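Inside the fold
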Amino acid sequence: MAQTQEQTVSTGDTPFVPIEKIVSLCKRRGFVYPNSEIYGGVSGIYDFGPLGVELRNNIRRFWWWSMVQTNDNIVGIEGSIITHPRVWEASGHVENFVDRLVDCKNCKRRFRYDHLPEENVRQNKCPVCGGELTEPRKFNLMMETYIGMLEGERMKTYLRGEASQNIYLDYDNVLKSSRMAIPFGICQIGKAFRNEVTPGNFLFRQREFEQWDLQFFVHPSQMQQWFDYWKERRFEWYKSIINHKDRLRFRAHGPDELAHYAKQAFDIEYQTVLGWQEWEGIHWRQDWDLSRHSDYSGQDLSYTDPETKERYIPWIVETSGGVDRTFLNLLLDAYEEEPPSGKDKEGRTVLRLNPMLAPVKVAVLPLQKNKEELVTTAKELHHKLRRLMDSQYDDVANIGRRYRRQDEIGTPFCVTIDFTTLEDQTVTVRDRDSMSQIRLHMNEVPAYLLERVR
Ligand code: GAP
């Protein structure tokens, strides 16, 4: 679906959340801020606030754990953002990493040509005002930068346009230093930069963003098997962290939309108010990258099988997704506005985030702030819990408002210290989703929570 058309009604039972609600929540509660806001901001660039950075770290950590720490045949690297400029000639980005854009001659709006609805392309009409469109013009997305001080001695290079290139550059070093044998994979999480012609929809299309990549190196005869394997594994991974499982699907790329490096590609797509949109790409990169880097660098990057002694350029299955898109999709997936009900007379906004990913796992709340014993006991429990998980202490406003504040940021559990606590050391533990409460002895709380948030 073209990004210029907004769809507000879900096909399932819950309506799609408008992006504006997430933008507002993110700013209000410290998840995401516009970058350089005091200077008017920069389009397509954002900063992450105190809660945002916790959520991001939890998302990254879960990906790293699933991909690197729980697979014996996968290792991780962290490459640099700036590389030798020849890297981007070899990768094909200098020549091929282009978007075509058109402008409306009437309303002056700008569109990515490949995002226009088919009918508008056929009729050469603006999808907003119906005005005539200009001829498509090509723009390279690579961001340029310079290394060196003096004019004439400075070398032009690029901020990386995709994080994955470091993995091909380090492939031979990893192979020699970590005793890996094909089939094996290398993972990386890192920033990428693109001069997107139409950044927008909050974190969805930015100019500076973060990607996670697996590059899995295989014998050509095993390519199909590993491609199918990673396609399914990645799909299941995304499914495991969302509530609306019916909003996830695969979409195969048509021949005219394949990236220059891919022979075959599937997108894992998620459906939001923006329609079905790419979340992660599974790419059949074949021998494109290692062959090109061998040719351009003069270094032989072929592999010799230790047993058969066969020599070949490994083929590559790539799974490449976005940390920021995951962040946004998880918020869109989790956000719910509940009308007043029997349990909750005012109604509430709740983020039904997977507890493992939630930025705050538990809030410890004394029933009243002016009763010293309640405050001291609550602080003691909070100090004990914060060594084990993200815990927040809050004594501002009445208990109902405090629950609501925690619901809005997705805190799965609230522990309340009340007058009964002072008598028998028990506390109430409130569950975010059901709002039900149980009473536990304080000593049982850490184990009870750890079991549910890890
Ligand atoms: N190495 C392959 C590659 O870069 P891609 O489909 O261009 O493939 C992979 O990007 C993922 O990176 C996308 O699925 C998306 O999640 C994320 N991504 C790409 N461009 C983005 C942008 N401008 N803003 C935010 N995320 C982006």
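Summarised in this report is the structure supplied together with it. (Residues numbered from 1 in each chain as written. Predicted model: local features only at pLDDT ≥ 70, side-chain atom pairs only at ≥ 80, totals over all residues. Heavy atoms only, no water.)

1. A closer look at the pairing of strand E9 (residues 184-193)
Moving residue by residue along a regular strand, the side chains alternate between the two faces of the sheet. Taking burial as the measure, the 10 residues of E9 include nine buried ones, the bulk of the element. Summarising the sheet, strand E3 (residues 74-76) and E9 pair through three bridges and their orientation is parallel. By the bridge assignment for E9, Gly76 is matched with Cys187. With 10 bridges joining them, E9 and strand E10 (residues 208-218) adopt antiparallel strand pairing. Across the sheet, Ala192 pairs through a bridge with Phe209, a residue of E10. (Buried < 20%, exposed > 50% of the residue type's maximum accessible area, 1.4 Å probe, protein only. Helix = DSSP H or I, 4+ residues; strand = E, 2+ residues; numbered from the N terminus. Pairing = 2+ DSSP bridges.)

2. With respect to the packing of aromatic side chains
All told, the structure shown has 23 aromatic pairs when counted by the stated rule. Look at Trp63 and Trp64: their rings are 6.2 Å apart centre to centre, the planes differ by 45°, and that puts the pair in the tilted class. For Trp63, a relative accessible area of 0% puts it in the buried group. Classification of Trp64 by relative accessible area gives partly exposed; the value is 26%. Summarising the aromatic geometry, the rings of Trp212 and Trp237 are spaced 5.4 Å apart at their centres and angled 85° between planes, so their arrangement reads as edge-to-face. Note that Trp212 is positioned in strand E10 and Trp237 in helix H7 (residues 223-240), a separation of 25 residues in sequence. Both residues of the pair, Trp212 and Trp237, belong to the buried class. Grouped by ring-pair contacts, the aromatic residues Phe62, Trp63, Trp64, Trp65, Trp212, Trp237, Tyr238, Tyr270 and Trp279 constitute a single cluster. Above the ring of Phe48, the side-chain terminus of Arg56 is found at 4.2 Å from the ring centroid. For Lys231, the ring lying beneath its charged end belongs to Phe266, and the centroid distance is 3.9 Å. (Phe/Tyr/Trp six-rings, centres within 6.5 Å; stacked < 30°, edge-to-face > 60°. Lys NZ or Arg CZ within 6 Å of the ring centre and 35° of its normal.)

3. A short note on the nonpolar core
Judged by nonpolar contacts, the single largest core of 59 residues is most densely connected at Ile22 and Phe31. Apart from the residues lying within four places of it in its own chain, the contact partners of Phe31 are Leu25, Cys26, Asp47, Phe48, Gly49, Leu51, Gly52, Leu55, Phe327, Leu351, Pro359 and Ile409. (Core = buried A, V, L, I, M, F, W, Y, C linked by side-chain atoms within 4.5 Å. Contact = heavy atoms within 4.5 Å.)

4. A few points about the side chain of Thr272
Residue placement: Thr272 occurs in strand E12 (residues 264-272). When neighbours within four sequence positions are excluded, Thr272 is seen to be in contact with Phe16, Asn329 and Leu332.

5. Details of the side chain of Gln215
Examined against the element boundaries, Gln215 turns out to sit in strand E10. Of the polar contacts made by the side chain of Gln215, one reaches the side chain of Glu318; its length is 2.8 Å. Not counting residues within four places of it along the chain, the set of residues in contact with Gln215 comprises Ser164, Ile167, Tyr168, Phe184, Gly185, Ile186, Arg285, Ile316, Val317 and Glu318. (Polar contact = N/O pair within 3.5 Å; in protein donor to acceptor, adjacent residues only side chain to side chain.)

6. Quick word on the environment of Pro446
As for its placement among the helices and strands, Pro446 is situated in helix H13 (residues 445-453). Among the residues examined, Pro446 registers a relative accessible area of 10% and is labelled buried. A sequence separation of 57 residues divides Pro446 from Met389, and the C-alpha atoms of the two residues are 9.2 Å apart. With near-sequence residues (within four places) excluded, Pro446 lies in contact with Lys384, Leu385, Leu388 and Met389.

7. Description of the site of the ligand
Around the ligand, the surrounding shell holds 22 residues, and the nearest of these are Glu162, Gln206, Glu278, Trp279 and Glu318. Contact between the ligand and Tyr261: an oxygen atom at 3.5 Å from a side-chain N or O atom of the residue. In the model, a nitrogen atom of the ligand is placed 2.8 Å from a nitrogen or oxygen of the Glu318 side chain. Across the complex, the protein chains shield 94% of the 550 Å² of accessible surface that the ligand would expose by itself. Elements with a minimum of two residues in the shell around the ligand: E10, strand E13 (275-286) and strand E16 (315-322). Here the shell around the ligand gets six residues from one element, more than from any other, and that element is E13. For the shell around the ligand, the residue count by class is five nonpolar, eight polar and nine charged. (Near = heavy atom within 4 Å. Areas by Shrake-Rupley, 256 points an atom, 1.4 Å probe, with all protein chains shown as cover. Nonpolar A, V, L, I, M, F, W, Y, C, P; charged D, E, K, R; others polar.)

8. Comments concerning the sheet that holds strand E4 (residues 98-103)
Pairing within the open sheet is antiparallel, and its three strands lie in the order E5-E4-E6. The open sheet terminates on both sides in strands that have one partner only, identified here as strand E5 (110-112) and strand E6 (137-140). On average, adjacent strands in this sheet sit at an angle of 40° to one another, irrespective of strand direction. In the sheet, E4 pairs with E5 via three bridges, with the strands oriented antiparallel. By the bridge assignment for E5, Val102 is matched with Phe111. (Axes fitted to C-alpha atoms, helices over the stretch in contact; angles between N-to-C directions.)

9. Section: the sheet that holds strand E20 (residues 391-393)
With respect to topology, five strands assemble into an open sheet ordered E20-E19-E21-E22-E23, the strand pairing being mixed. Only two strands of the sheet have a single partner each, and these edge strands are E20 and strand E23 (437-441). For this sheet, the mean inter-axis angle between neighbouring strands, taken without regard to orientation, is 25°. In this sheet, E20 lies alongside strand E19 (residues 362-366) in parallel orientation, the contact comprising three bridges. When the sheet's bridge partners are listed, Val362 is paired in E20 with Ser391. The strands that helix H11 (residues 399-409) touches are E19, E20, strand E21 (413-417), strand E22 (426-431) and E23; relative to E19, the one it contacts most, it runs at about 170°.

10. Side note on unusual backbone geometry
With an omega dihedral of 5°, the bond running from Ile182 to Pro183 counts as a cis peptide bond. Considering the arrangement of structural elements, one finds Pro183 in the loop between helix H6 (165-178) and E9. The backbone phi angle of Gln286 is positive, close to 55°, even though this residue is not glycine. One can find Gln286 in strand E13. What makes Gln286 buried here is its relative accessible area of 15%. Although it is not a glycine, Lys309 adopts a positive phi angle of roughly 65°. Here Lys309 shows up in the loop between strand E14 (303-304) and strand E15 (311-312).

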